[in-house]
Amino acid sequence: MGMTGSPPPGFAPRTVRCPACGRPARYAPDNPWRPFCSARCKQVDLGAWASEAYRVPDPTPPTPGPETPPH
Ligand SMILES: [Zn+2]
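Since the model is a prediction, treat every value here as computed from it, not as a measurement. (Residues numbered from 1 in each chain as written. Predicted model: local features only at pLDDT ≥ 70, side-chain atom pairs only at ≥ 80, totals over all residues.)

A. Focus on the overall build of the chain. Scanning the chain from terminus to terminus reveals one helix and two strands. Its helices and strands in sequence order give the chain the pattern β-β-α, from N to C terminus. Across the chain, every contact between residues at least 6 apart in sequence was considered, and the portion connecting residues at least 24 apart equals 7%. (Helix = DSSP H or I, 4+ residues; strand = E, 2+ residues; numbered from the N terminus. Contact = placed C-beta atoms within 7 Å.)

Here it is, written out as structure tokens:
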């Protein structure tokens, strides 16, 4: 019974590109920020969603509903 030095297939961590900064990010269970490379990059991405980067412009003012006169 010898020790196998190779991990089981499909379990090997991969290296992906961080969507925020484009640097290599470790895509593995030990990286809680995957597919980002760090917590800061994940925060940047979430911040972009919360900021005006993804805000839909609304040029038209809110129009009031049709007011029906009382009978
Ligand atoms: Zn990054």
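B. Structural detail: the nonpolar core. Ranked by size, the top nonpolar core spans five residues in total: Cys-18, Ala-20, Ala-25, Phe-36 and Cys-37. If we ignore the near neighbours within four places in the chain, the residues touching Ala-25 are Thr-15, Val-16, Arg-17, Cys-18, Arg-34, Pro-35, Phe-36 and Cys-37. (Core = buried A, V, L, I, M, F, W, Y, C linked by C-beta atoms within 7 Å. Buried ≥ 20, exposed ≤ 12 C-beta atoms within 10 Å, placed from the backbone.)

C. Fine view of the UniProt feature "binding site: Zn(2+)" (unreviewed entry) in the chain. Per the UniProt entry, the sites bearing "binding site: Zn(2+)" (unreviewed entry) are Cys-18, Cys-21, Cys-37 and Cys-41 in this numbering. Annotated residues spanning 24 residues; largest pairwise C-alpha distance 8.3 Å, indicating a single compact cluster. On the secondary structure map, Cys-21 appears in the loop between β1 (14-17) and β2 (24-27). Given 15 C-beta atoms within 10 Å, Cys-21 falls into the partly exposed group. Setting aside its immediate chain neighbours within four residues, Cys-21 contacts Cys-37 and Cys-41. Looking at the secondary structure, you find Cys-37 in the loop between β2 and α1 (39-50). (UniProt positions renumbered as here; feature names shortened; annotations may be inferred.)

D. Up close: the pairing of β1. Bridge analysis of β1 against β2 gives four bridges, and the strand direction is antiparallel. The residue bridging Thr-15 from the neighbouring strand is Arg-26, located in β2. Counting the residues in the hairpin turn of β1 and β2 gives six residues, including Gly-22, whose phi is positive at 80°. (Pairing = 2+ DSSP bridges.)

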